[in-house]
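# A closer look at the structure
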Amino acid sequence: MSLNTKAIAKNAYFISKHRGRVTARVRVPGGHLEARHLEIIKEIAERCGNGTVHLTARQAFAIPGIPAEKIPEVRKLLAPYIREAEVGMGVNLPDPEGGFPVPLPPNVLACIGSRDCVFGNIDTAELAQKIERTFYPGSTLLKIGVAGCANDCAKVHMQDVGIIGMVEPLYDPARCIGCEACVKNCRRAASGALRAENYKVARDDLRCLGCGECVLKCPTGAWSRGAKYYRLVIGGRTGRKHPRAARTFLEWAGEEAVIQVIANILAYIEKHRDKTLPKEHLGYIIDRTGYGVFKQEVLAGVNLGPRAKVAKYINFGGYAYDKGVQLT
Amino acid sequence: MNANPYLPVKVKVLEVGKQTENVATLKIESQGLNPAPGQFVEVSIPKVGECPVSISDFGSDFLELTVRKVGRVTGALNALRAGDSLFVRGPYGNGFPLENFDRRHVVMVLGGIGLAPVKGIINRYYLNGGVNRLDLLVGFRTPQEIIFRAELARWREKFNVVVAVEQDDPGWPGRVGLVSDLVKEISVEREAAAVVVGPPLMIKAAAEELSGRGVAKENIWVSLERRMSCGIGKCGHCRINDRYVCLDGPVFNYRQAEGLVD
Amino acid sequence: MGYLFSADAFNSLLAELKTRYKIFAPKIYRGKGRTAGTDLVAYGEAGELAEIAFDRKTAFSPKEIIFPVNQTMFYFTKEEFQENLPPKEDKDMIIFLRACDINGIERMDAILLQNGPYRDVYYEKLRGKARFFLIACDQSWESCFCVSTGSNRTENYSVYVREENGQVFCLVKDRDFEEIFSKYGRPADVEPRFIEENKIRVRLPEEIDQRVFGHKLWEEYAARCSACGRCTVCCPTCTCFTIQDIFYRDNPDCGERRRVWASCLIDGFTDMAAGVSFRAGYGERLRFRAMHKAADFKKRFGLFMCVGCGRCDDACPEYISFSKCLNRLSEIMGEVGQR
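Calculation notes
- Residues numbered from 1 in each chain as written.
- Chains lettered and ligands numbered in written order.
- Predicted model: local features only at pLDDT ≥ 70, side-chain atom pairs only at ≥ 80, totals over all residues.
- Heavy atoms only, no water.
- Helix = DSSP H or I, 4+ residues; strand = E, 2+ residues; numbered from the N terminus.
- Rg over C-alpha atoms; globule rule 2.2 N^0.38 Å.
- Contact = heavy atoms within 4.5 Å.
- Areas by Shrake-Rupley, 256 points an atom, 1.4 Å probe, with all protein chains shown as cover.
- Lys, Arg positive; Asp, Glu negative; His and termini not counted.
- Charge placed at Lys NZ, Arg CZ, Asp CG, Glu CD.
- Buried < 20%, exposed > 50% of the residue type's maximum accessible area, 1.4 Å probe, protein only.
- Domains from an automatic or database assignment.
- Buried area = accessible area lost by both parts, 1.4 Å probe.
- Salt bridge = Lys/Arg side-chain N within 4 Å of Asp/Glu carboxyl O.
- Polar contact = N/O pair within 3.5 Å; in protein donor to acceptor, adjacent residues only side chain to side chain.
- Nonpolar A, V, L, I, M, F, W, Y, C, P; charged D, E, K, R; others polar.
- Pairing = 2+ DSSP bridges.
- Axes fitted to C-alpha atoms, helices over the stretch in contact; angles between N-to-C directions.
- 1 Å grid on protein atoms, 1.4 Å probe; cavity = no way out; pocket = protein on both sides within 12 Å on 5 of 7 lines; lining within 4 Å.
- Points joined across faces, edges and corners; volume = space filled by probe spheres on them.
- Phe/Tyr/Trp six-rings, centres within 6.5 Å; stacked < 30°, edge-to-face > 60°.
- Lys NZ or Arg CZ within 6 Å of the ring centre and 35° of its normal.
- Core = buried A, V, L, I, M, F, W, Y, C linked by side-chain atoms within 4.5 Å.
- Parallel < 35°, antiparallel > 145°, perpendicular 65-115°, else oblique.
- Left-handed = near helix turned anticlockwise from the far one by under 90°.

Another point: the overall build of chain B. Helix and strand counts for chain B come out as seven helices and 15 strands. Compactness check: chain B gives a C-alpha radius of gyration of 18 Å against a globular reference of 18 Å for 262 residues, within 12% of the reference. Along the first, second and third principal axes, the C-alpha set of chain B runs to 50 × 45 × 35 Å. Put simply, 68% of the contacts in chain B that link residues at least 6 apart link residues at least 24 apart. For chain B, the computed accessible surface area is about 10300 Å², with 47% contributed by carbon and sulfur atoms. Charge-centre separation for chain B: the mean point of 32 positive side chains lies 3 Å from the mean point of 30 negative side chains.

Right, dumping it as structure tokens:
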């Protein structure tokens, strides 16, 4: 059997352990799709694959058991999906019939966000799609996740860049009955940013996560929603070498700042990455250049807005399987 | 009535008596407040707060308030000295219907600070008579918490006074146990009347015991304690069923009070 | 007299009314809902027809206009009390509100003006400034049951207002408004219409007695209720409050005494000395509230307290429905009655 595995992989198929079989990867931008598109997945799995579908941890479909010779048929079946779900939302893919071009950066993953979730402060899928529209297709590896609130159900702390929706809670003491539902909840379930004072509530801006829980708990509407903001966490990763959670880089940043920072991060990666490796996660590059260089290059020309806060330094924790990672 | 019912009058503290570490008796100017036994006043210290306090005694030109330190306001009241001033409004509520006690055998079952609202009545019976017989059954948690010690000693000259404490203490020569149990030990005369003041569970136990001993529920009077904020039937804190403790009480006939369920 | 207004004419009317009155109406506050991307419908000052949300139900009742959430009763300088009654010279108020809410204010009157020998002067002053503009209900919402409670109708209003396709029909009952309405409106036949049917029908319990106190219904509610107090905050008939004193942090010699809404559902409502409190369980608290609305208030004032606006149903995060609770109380009384 003769297969050009590199060419196949560049079309978003995995070479599976089963000889001659490949697994098609179908991205779902923002993790949210039209139910009718499931028909396409179903048809590919049943006609070309082994009749099963796997949900990947990155919110994509993996359709296993496809004989390599059926790739052209899969492409044909997949074309309407690429046209509607990718090109339709603005990703510049000139040849939907040709399948996914690779390198195509990983899916921007997202929790369900404010479309459905009580806690969601932002429309996560919309932001994920905006990021894809702005930066895809591209060749730089950058794993991005979007969480609607600080609960981080999307696990964006394991991404190169995690975006967490925030809301500024506005307080109207004239509507406050001093029930302390917000104070108790913030202490138990968030960051203890609220305290009772003179039967009213005082908020510690430095502790506040912008999670919006106080707005949800308030029976009278004394707490209400102010502007939307974003927290950016950077440098999270799994992997064989040195897994660790991301740390906060920016807080209370505006949406445009987030997009500008991502553009700068992509340039930073291209400038500093180890070109001897096929790809390298952001965190390793920051480890090499130092946070100072990262911060300087990534914030260049960015208008963060008046409320934004930037981490002075970052002490990444995590652990390495091989101590040599840090010592060589 | 057009005046602001929430506006208190300023009165001077004439005398302060320390009952226990946490209970003080304040003798204050009456400023025209003309109470009946068993009524209460709203007492306040500006910027600290306001709270209901039962009137433990009164004369033509003074009121006596007995206050236990349990919170901010009562703490501040306990810190007052003669010559200081405080603010009061009232008196509020229905007091004890003394006419029902005339020439009768009266049993009083009182728990802790519950002695305060009837102290003045007992004193009057001590000085002027008016009842055929008075049994005073008074309970405290510990000997250290006994209030009106001098009065209790004096009342013994004329009445049957039994003091019990809940927690035994070396050096306490008296009774140990629940005050409601003392009811079992007294004889009850025909047409006897009773007064019960204290915490909710004590009231229920004592009133039921009295009723079991043959005191008609119509002849038992209880004084209920609730967290009154306004004292005038507006704030809702003291409502039980369709009754407002501040307006319809704090003194209730037990026939009615037993039907009030929180 | 009845009048018909074009949108422009009605706006001119509002503009002139505004010189003499503060006008309050249901308004839509964009993005101010509890969850992201949702709106809040609530009372606020309005000056134009387009601002008035005739076709929406407010999350909070209009009671807050005449009975503010926080009201300073006295200011303290050192030890002196300075009364803070609403000033006489303040403008009177026009409130656009529905029949259920007018009925609700009558229940507030019972407690704050009639209960006991004193009138609540703070409420009385603001209440005296209020003129009711009755909004016609052309639909009954999912949770409404005003017909069952008899509060779908009212005669207690100055002007009846019905908005229809950008035109406004008014019936003026209060002579004080006749002249200004005749200045901007065209005479028209206007008959007040009231909602005559709701989707929810409630069988009001005829007589509730304490036999329901031990019913397992309250255990079920105890497991569901989270004691957040939203049902009481939004209720047009809840009037409980707490009086609080504070001193100013940067000037401890001065301070104020204020009254703040309180709720029998929220912790601390009955806290007394030495840790004594009543109704610790959430089921008991719901029972206390339900008994007030359905029986205790009526015993005292002769009026069924709940006005069937259904706001508590809409507000409850645990989906506890008060109309359902009333129906169940009726059933339970039927059962215990037979026994």
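After presenting the structure, the write-up continues.
Attention now moves to the overall build of chain C. Helix and strand counts for chain C come out as 11 helices and 12 strands. Relative to the globule expectation of 20 Å for 339 residues, the C-alpha radius of gyration of chain C, 22 Å, shows essentially globular dimensions. Considering only C-alpha atoms, chain C reaches an extent of 60 × 60 × 45 Å along its principal axes. Out of the 339 residues in chain C, the part that is buried amounts to 57%. Residue pairs in contact within chain C that sit at least 24 positions apart in sequence constitute 73% of those at least 6 positions apart.

Here we take up the domain arrangement of chain B. Residue and element names in this part refer to chain B. Taken domain by domain, chain B holds domain 1 (9-91) and domain 2 (98-257). Listed per partner, the contact involves 20 residues of domain 1 and 23 residues of domain 2. Buried area between domain 1 and domain 2, both sides added, is near 1600 Å², and the carbon and sulfur share of it is 56%. Three residues, Gln19, Pro37 and Phe40, lead the burial of domain 1 against domain 2; their summed loss comes to 28% of the area buried on that side. Connecting domain 1 to domain 2 are three salt bridges. The shortest N-O distance in the salt bridge between Arg124 and Asp57 comes to 3.6 Å. Where domain 1 packs against domain 2, one counts four residue pairs in polar contact (both at pLDDT 80 or more). Of all the secondary structure elements, the ones that give two or more residues to the side of domain 1 that touches domain 2 are β2 (23-29), β3 (40-45), β4 (49-58) and β5 (62-68). Considering each element in turn, the side of domain 1 that touches domain 2 owes the most residues, seven residues, to β4. Residues that form the side of domain 1 that touches domain 2 fall into these classes: seven nonpolar, seven polar and six charged.

Residues and elements named next belong to chain C. The strand order β3-β2-β6-β7-β8-β9-β1-β10 describes an open sheet built from eight strands, whose pairing is mixed. Bordering the open sheet on either side are β3 (40-45) and β10 (186-187), each of which pairs with just one other strand. Across five bridges, the pairing between strand β6 (residues 92-97) and strand β7 (residues 130-135) is parallel. Pairing of Leu97 across the sheet is with Leu134, part of β7. This element, helix α4 (residues 121-129), spans β6 and β7 of the sheet and lies at about 55° to β7.

A separate point is helix α5 (residues 181-189) of chain A. Of the positions making up α5 of chain A, those classed as buried are Cys182, Val183, Asn185 and Cys186 of chain A. Among the structural elements, β8 (194-197), β9 (200-203), α6 (213-217) and β10 (223-234) of chain A are those in contact with the buried residues of α5 of chain A.

Okay, the sheet that holds strand β12 (residues 220-223) of chain B next. Residues and elements named next belong to chain B. Strand order in the open sheet formed by seven strands is β10-β9-β8-β7-β11-β12-β15, and the pairing between neighbours is mixed. Looking at strand neighbours, the two that pair on one side only are β10 (175-176) and β15 (251-253), the edges of this open sheet. Pairing analysis gives three bridges linking β12 to β15, with the strands arranged antiparallel. From the neighbouring strand, Val222 faces β15, where its bridge partner is Phe252. Along the sheet face, helix α2 (residues 116-128) touches β7 (105-111), β8 (133-140) and β11 (193-197) and points at about 150° away from the line of β7. The sheet contacts of helix α5 (residues 200-212) involve β7, β11 and β12, and relative to β11 the element is tilted by about 165°.

Right, let's get into empty space enclosed by the protein. Residues and elements named next belong to chain C. As enumerated under the stated definition, the model contains eight cavities of 30 Å³ or more in all. Taken together, 27 residues form the lining of the largest cavity, with Arg98, Ala99, Cys100, Cys137 and Trp141 sitting closest to its centre. Only α3 (99-114) and β7 provide two or more residues apiece to the lining of the largest cavity. Taken together, the residues that form the lining of the largest cavity break down as 14 nonpolar, seven polar and six charged. Structurally, the lining of the largest cavity is a two-domain feature, drawing no fewer than three residues from each of domain 1 (2-67 + 74-187) and domain 2 (210-338). Of the pockets and cavities examined, the second largest cavity occupies roughly 190 Å³.

In total, this model carries 28 aromatic pairs over all chains according to the counting rule given. Taken together, a centroid distance of 5.5 Å and an interplanar angle of 75° make the contact between Tyr229 of chain A and Trp252 of chain A edge-to-face. One end of the pair, Tyr229 of chain A, is in strand β10; the other, Trp252 of chain A, is in strand β11 (residues 247-253), with 23 residues separating them in the sequence. Looking at Trp252 of chain A, the relative accessible area reads 0%, which means it is buried. Sitting over the face of the ring of Phe58 of chain B, Arg124 of chain B holds its NZ or CZ atom 4.8 Å from the ring centroid. One cation-aromatic arrangement involves Arg279 of chain C over Phe288 of chain C; the distance from NZ or CZ to the ring centre is 3.4 Å.

We now examine the nonpolar core. Judged by nonpolar contacts, the single largest core of 120 residues is most densely connected at Tyr6, Val109, Leu137, Val196, Leu210, Ile220 and Val222 of chain B. The element that contributes the greatest number of residues to this core is α3 of chain C, accounting for eight residues. In this view, Leu210 of chain B contacts Val107, Val109, Val183, Ala194, Val196, Val215 and Ile220 of chain B; residues no more than four positions away in its chain are not counted. Ranked by size, the runner-up nonpolar core spans 67 residues in total, among them Ile8, Val91, Leu127 and Ile314 of chain A.

Each side of the interface is counted separately: chain B has 45 residues, and chain C has 54 residues. Together, the buried faces of chain B and chain C total about 4200 Å²; carbon and sulfur atoms form 56% of this surface. Among the residues chain B hides against chain C, the three largest losses belong to Lys47, Lys234 and Arg239 of chain B. Together they make up 20% of the total. Here chain B and chain C share four salt bridges between them. Applying the counting criterion to the chain B and chain C interface returns 22 residue pairs in polar contact (both at pLDDT 80 or more). Elements with a minimum of two residues in the side of chain B that touches chain C: β3, β4, β6 (85-92), β14 (243-244) and α6 (245-248) of chain B.

Right, let's talk about the domain arrangement of chain C for a bit. Residues and elements named next belong to chain C. According to the domain assignment, chain C contains domain 1 (2-67 + 74-187) and domain 2 (210-338). When the two sides are added together, the surface that domain 1 and domain 2 hide from each other amounts to roughly 3100 Å², 59% of it contributed by carbon and sulfur. The interface formed by domain 1 and domain 2 includes three salt bridges. When the shortest N-O distance is used, the salt bridge between Asp314 and Lys57 registers 3.3 Å.

Residues and elements named next belong to chain A. Their axes nearest at 6 Å, the elements helix α8 (residues 282-289) and helix α9 (residues 291-298) cross at an angle of 110°. Compared by their axis directions, α8 and α9 come out roughly perpendicular. On the side of α8, the interface is formed by Leu282, Ile286 and Thr289, while α9 contributes Tyr291, Val293 and Phe294. Tallied by class, residues from the contact of α8 with α9 come to five nonpolar, one polar and no charged.

With that settled, the discussion passes to the packing of helix α7 (residues 255-272) of chain A against α9 of chain A. Residue and element names in this part refer to chain A. Orientation of α7 relative to α9, taken along the N-to-C sense of each, is 130°, at an axis distance of 9 Å. The orientation of α7 with respect to α9, classified from their angle, is oblique. Of the two possible hands of crossing, α7 and α9 adopt the one that is right-handed. Across the interface between the two elements, Val261, Asn264, Ile265, Tyr268, Lys271 and His272 from α7 touch Val293, Phe294, Glu297 and Val298 from α9.

So, on to the pattern of salt bridges. All names here are of chain A. One pass over the full model with this rule turns up 62 salt bridges over all chains. Linking Arg36 and Glu84 is a salt bridge whose minimum nitrogen-to-oxygen distance equals 2.5 Å. One end of the pair, Arg36, is in the loop between β2 (21-27) and α2 (37-47); the other, Glu84, is in helix α3 (residues 71-86), with 48 residues separating them in the sequence. Using a relative accessible area of 47% as the deciding quantity, one classes Arg36 as partly exposed. For Glu84, a relative accessible area of 38% gives the class partly exposed. Two residues, Lys130 and Glu256, come together in a salt bridge whose shortest N-O distance is 3.0 Å. Taken together, the residues span a long stretch of sequence, with Lys130 in helix α4 (residues 124-135) and Glu256 in helix α7 at a distance of 126 residues. Since its relative accessible area comes to 21%, Lys130 is described here as partly exposed. Here the salt bridges share partners, and the residues they tie into one network are Glu168, Arg203, Asp205, Arg307 and Lys309.

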